[in-house]
Amino acid sequence: MIFFLFIQAVLNIALVMSDPDMEGIYLFKAQLIPFLCALPFIFKRDFRKNFSKMLYSFCGIGFLSLAIDYALRSHVGLIQLATVFVPLALYGLFHFAVWNVQRAKERFSLAALAMSSLSWGLYAFAFPPLPLGPGALVFLVPWFIVLLRSNMQTALFASFWSGFIYNVINYYWIYNVMNVGPAVLIMIGLILLISYFSVYNTIAAAVFVKARDVKIKGIPVLLILFPLFYAGLEMTRSIGDFSFPWSHLGYALGNQLPLLQALSIIGIFGYTAIIIASNLAVAEAFVKGKKFLIAAPVAIFALLFGYGSFVLSKPEAAPFYMENEAEAPKVAVVQPNIHQTNKWNKAYYDSVVSKTWQIVNDSVDWKSGDLDLVVLPETAIPDFIRFRSREKLWLKNRIKGTQTSLFIGALDFDREGKPPRPVNLYNSGFLFRPDEKNYTRYIKTHLVPFSERLPFDDVFPILNYVDVGQGNFVPGKERPVFEPYFWSPFICYETIYGAEARRSIRNGSRLMVDITNDGWFGKSTAAAQHLNQLRYRAIENGYPIVRCTNTGISAFVDQYGHEDLKTELYTERVITRRIPLRSRDTLYFHIGDAVEYGLLGFFFAYLAALFIRLKTWASAQP
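Residues numbered from 1 in each chain as written. Predicted model: local features only at pLDDT ≥ 70, side-chain atom pairs only at ≥ 80, totals over all residues. Heavy atoms only, no water.

Draft legend 1. Expanded view of the overall build of the chain. When helices and strands are tallied, the chain shows 20 helices and 14 strands. Dimensions of the chain along its principal axes, counting C-alpha atoms only, are 85 × 70 × 35 Å. At a minimum sequence separation of 6, the contacts of the chain that also span at least 24 residues come to 73%. Of the roughly 27,900 Å² of accessible surface on the chain, a fraction of 65% belongs to carbon and sulfur atoms. (Helix = DSSP H or I, 4+ residues; strand = E, 2+ residues; numbered from the N terminus. Contact = heavy atoms within 4.5 Å. Areas by Shrake-Rupley, 256 points an atom, 1.4 Å probe, with all protein chains shown as cover.)

Structure below.
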């Protein structure tokens, strides 16, 4: 064994010191030698008896060599990368498969899987535009019954695979990207993404099973606090380069406007917490005979509906109420309906732009003279705008002599980057004003991980050599407010970050103008889910929204969440109306940052308290 490890260490160090004359991620076939030298040892009995230890040692030495290589010369060998991580991945998958086969042989594990799949399968159909929203208050009851009754292995098995089903239903639409990108890589990425999100269900199950029997003076404190822990777990999906806060449980109530008004007090994470509390209460009623807890969903529904009805009964909560029409901008939203497979095909560029200009000319009400803003979707010009002088001239001439500004999405770049990408690419929006010669640029601040950029590519520059079809964009940092009417631009994905909406309002914004290209989603539920998330931002912060999409759904949303002129998917349409600016202050606007980061802190404190309590309990055992 020592001889084996010595050989691997010497070979890896020698290969690192050989310094292949390559940059970034290089292909050096000699780095296959340590792996080939390890293969004969598989036939030795001692090696097979200690296979896992030897594998971890081999991969550890290889990883150390990778780190040295990167630290000394800022490059990484592709073969060495593969020989370190592929064996570990295959070994992990083998054990995962064996573990699943063992669980599948257990009748109670299959029963637990069936109950959990019923829960999460139903919950996946609760999100708009699907109609089962109020059922969210009870759909997870079977899952919690499983967690209350099962051992750890059964709970993990049932939770992972039921979570997998839930996430397949939630994210199936990503497969549409295969129509315009590398299909195999996108399918692999989709499976990994779904598996990654399913781990969140598994974490929740593991923590619940550990916490359910922990009592302090006879009170199951950690179980009572579990809804807040779960909300904190969701909050972890909203930070960092891997963040993808798409399907929080609280979004399930989006079809019932009265049920949403408490968002102005507790926000999306508060809704997640009360949904978890409702389901857990009913499960406790069935498992522990506390029948009075069955009333929890009814009580929660009644409180939310009663409060929401009261709020919406106020005169100022009437749909698109205007106290002063003169300060409400008149906005035209252009939905050109350009199919995604044509949009980025150079052969179709002229026809795509010509169609868009024709709609702007013919369907926008230019004659009224009182139009304040025309909005076109994300990447309405599917190219770098600085290369398109003809398009810039057309836009300036179109608004010349009017009082109308125009906001349009396109790409941009500068040459201020660093090797290996000396050019910075930007997903941007551009504001053209009739009284200005040039445009004002806004750069998207939150980029979709693995689609628009690789996570941590700014921390590990080596990732800039990796090309799996991502956009390689650079995020912006500013959150501007444009005058008049004090509106802020948003592009697509960044609208689902509540902190960004609050940041804009603190900067003086009174209106969100969101441009997006939901054509990536195809004819799926994703566009409606995306709009639903914007509606939550509007109610949380009293923040009206103008939403412009390429293929739908475009809409106007007021500060209480009322929608107007909502378009259908894949229709060519222009919608125009006056939209009142923000005049409503909400509690959640003021406390939202504290609540969300407080939940994040609570998440880690909960884990620490659970660990300490279990360790104390274990040390007290004879």
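Draft legend 2. Looking closely at the packing of helix H9 (residues 183-211) against helix H11 (residues 226-235). Look at H9 against H11: their axes get within 11 Å of each other, and the N-to-C directions meet at 155 degrees. For the element pair H9 / H11, the angle class is roughly antiparallel. Considering only the axes of H9 and H11, their crossing is right-handed. Contact with H9, carried on its side by Tyr200, Ile203, Ala204, Val207 and Phe208, involves Phe226, Phe229, Tyr230 and Leu233 of H11 and no other residues of that element. (Axes fitted to C-alpha atoms, helices over the stretch in contact; angles between N-to-C directions. Parallel < 35°, antiparallel > 145°, perpendicular 65-115°, else oblique. Left-handed = near helix turned anticlockwise from the far one by under 90°.)

Draft legend 3. Broad picture of the packing of H11 against helix H13 (residues 263-288). Between H11 and H13, the least distance of the axes is 8 Å, while the angle of their chain directions is 140 degrees. Considering the angle they form, H11 stands oblique to H13. At the point where H11 passes H13, the crossing takes the right-handed sense. Facing Phe226, Pro227, Leu228, Tyr230, Ala231, Glu234 and Met235 of H11, the residues of H13 in contact are Phe269, Thr272, Ala273, Ile276, Ala277 and Leu280. Each residue belonging to the contact of H11 with H13 can be placed in one class, and the counts come to 11 nonpolar, one polar and one charged. (Nonpolar A, V, L, I, M, F, W, Y, C, P; charged D, E, K, R; others polar.)

Draft legend 4. Representation of the nonpolar core. Counting residues in each nonpolar core, the largest one holds 96 residues, and the members touching the most others are Tyr123, Phe144, Phe226 and Tyr230. Those residues in contact with phenylalanine 226 that lie beyond four places of it in its chain are Phe144, Ala204, Phe208, Ile276 and Tyr606. Membership of the second largest hydrophobic core comes to 24 residues, among which are Ile359, Val364, Leu376 and Ile381. (Core = buried A, V, L, I, M, F, W, Y, C linked by side-chain atoms within 4.5 Å. Buried < 20%, exposed > 50% of the residue type's maximum accessible area, 1.4 Å probe, protein only.)

Draft legend 5. Expanded view of the pairing of strand E11 (residues 545-549). Counting buried positions along E11 gives five out of five residues, so the element sits mostly inside the fold. Here E11 shows a buried face lined by Ile545, Arg547 and Thr549 and a second buried face lined by Val546 and Cys548. When strand E10 (residues 511-516) meets E11, the two strands line up parallel, connected through five bridges. Across the sheet, methionine 512 pairs through a bridge with isoleucine 545, a residue of E11. Direction of pairing for E11 relative to strand E12 (residues 555-557): antiparallel, over a ladder of three bridges. Across the sheet, residue isoleucine 545 finds its bridge partner in E12, namely valine 557. (Pairing = 2+ DSSP bridges.)

Draft legend 6. Representation of the pairing of strand E3 (residues 330-335) in the model. Across the six residues of E3, six count as buried, placing the element largely inside the fold. Along E3, one buried face is formed by Lys330, Ala332 and Val334 and the opposite face, lined by Val331, Val333 and Gln335, is buried too. Summarising the sheet, E3 and strand E14 (residues 573-578) pair through six bridges and their orientation is antiparallel. When the sheet's bridge partners are listed, glutamine 335 is paired in E14 with arginine 573.

Draft legend 7. Quick peek at the confidence of the model for the chain. Looking at the chain as a whole, the pLDDT averages 89, with 95% of positions reaching at least 70. For the chain, per-element mean pLDDT is lowest for helix H1 (residues 2-17), which scores 72, and highest for E12, which scores 98. (pLDDT = per-residue confidence, 0-100.)

Draft legend 8. View of a nonpolar patch on the surface. A grouping of Ile25, Leu27, Phe63, Leu78, Leu81 and Phe85 is seen on the molecular surface, where their side chains present a nonpolar patch of about 520 Å² in accessible area. Among the elements that make up the nonpolar patch, the one with the highest residue count is helix H5 (residues 78-104) (three residues). Its location among the elements puts leucine 81 in helix H5. Classification of leucine 81 as partly exposed rests on a relative accessible area of 30%. (Patch = residues over 30% accessible without salt bridge, like charges linked within 9 Å, V, L, I, M, F, W, Y side chains within 5 Å. Salt bridge = Lys/Arg side-chain N within 4 Å of Asp/Glu carboxyl O.)

Draft legend 9. Spatial organisation of the side chain of threonine 402. With respect to the helices and strands, the residue threonine 402 is situated in the loop between helix H17 (389-399) and strand E6 (405-414). Only 3.1 Å separates the side chain of threonine 402 from the backbone nitrogen of threonine 404, close enough to count as a polar contact. For threonine 402, the contacting residues outside a window of four places in its chain are Trp366 and Pro434. (Polar contact = N/O pair within 3.5 Å; in protein donor to acceptor, adjacent residues only side chain to side chain.)

Draft legend 10. Here's a closer look at the packing of aromatic side chains. Enumeration over the complete set of coordinates arrives at 50 aromatic pairs. The ring of tyrosine 349 carries the charged tip of arginine 388 above its face, separated from the ring centre by 3.8 Å. Above the plane of the ring of tryptophan 366 lies arginine 398, whose end atom (NZ or CZ) is 4.2 Å from the centre. (Phe/Tyr/Trp six-rings, centres within 6.5 Å; stacked < 30°, edge-to-face > 60°. Lys NZ or Arg CZ within 6 Å of the ring centre and 35° of its normal.)

Draft legend 11. Molecular detail of the side chain of serine 488. Tracing the chain through its elements places serine 488 in strand E9 (residues 487-491). Polar side-chain contacts of serine 488 include one of 3.0 Å to the side chain of serine 509. The residues touching serine 488, leaving out its near neighbours within four places in the chain, are Pro480, Val481, Ser504, Ser509, Leu511, Met512, Val513 and Tyr543.

Draft legend 12. Expanded view of empty space enclosed by the protein. Per the stated rule, a full pass over the model turns up four cavities of 30 Å³ or more. In terms of lining residues, the largest cavity is bounded by Trp120, Tyr166, Asn167, Phe197, Tyr200, Asn201, Tyr230, Leu233, Glu234, Arg237, Ser247 and Leu249. Of all the elements in the fold, those that place two or more residues in the lining of the largest cavity are helix H8 (152-171), H9 and H11. Of the residues contributing to the lining of the largest cavity, the split by class is seven nonpolar, three polar and two charged. (1 Å grid on protein atoms, 1.4 Å probe; cavity = no way out; pocket = protein on both sides within 12 Å on 5 of 7 lines; lining within 4 Å. Points joined across faces, edges and corners; volume = space filled by probe spheres on them.)

Draft legend 13. Summary view of the sheet that holds E10. Ordered by their spatial adjacency, five strands build an open sheet running E9-E10-E11-E12-E13, and the pairing between neighbours is mixed. One side of each edge strand has no neighbouring strand; the edge strands of this open sheet are E9 and strand E13 (563-564). Bridge count for E12 against E13 is two bridges, and the pairing is antiparallel. The residue bridging valine 557 from the neighbouring strand is glutamate 563, located in E13.

Draft legend 14. Inspection of the pattern of salt bridges at higher detail. Enumeration over the complete set of coordinates arrives at 29 salt bridges. Between arginine 103 and glutamate 106 there is a salt bridge, and its shortest N-O distance comes to 3.1 Å. Between glutamate 436 and arginine 433 there is a salt bridge, with its nearest N and O atoms 3.2 Å apart. Residue glutamate 436 is classed as partly exposed on the basis of its relative accessible area, which comes to 34%.

Draft legend 15. Quick peek at helix H16 (residues 349-363). In a regular helix each residue adds 1.5 Å, so 15 residues correspond to 21 Å; H16 covers 21 Å between its end C-alpha atoms and thus fits that length. For H16, the complete set of buried residues consists of Tyr349, Val352, Val353, Thr356, Trp357, Ile359 and Val360. Mapping the buried residues of H16 onto a view down its axis gives an arc of 155 degrees, with all of them on the same face. Summarising the contacts, the buried residues of H16 are in contact with E3, helix H15 (340-343), strand E5 (381-384), H17, E6 and E14. (Expected span 1.5 Å × (residues − 1). Arc of directions from axis to C-beta.)

Draft legend 16. Representation of unusual backbone geometry. For the peptide bond that leads from proline 128 to proline 129, omega is 10 degrees, which places it in the cis range. Following glutamate 483, the chain continues into proline 484 via a peptide bond in cis, with omega recorded as -10 degrees. Among the secondary structure elements, proline 484 is positioned in the loop between strand E8 (440-443) and E9. Positive phi values are uncommon outside glycine, yet threonine 379 reaches one of about 45 degrees. Within the secondary structure, threonine 379 is located in the loop between strand E4 (373-375) and E5. Threonine 379 sits in the buried class, given a relative accessible area of 4%. Non-glycine residue tyrosine 485 carries a positive phi angle of around 75 degrees. The residue tyrosine 485 is located in the loop between E8 and E9 in this model.

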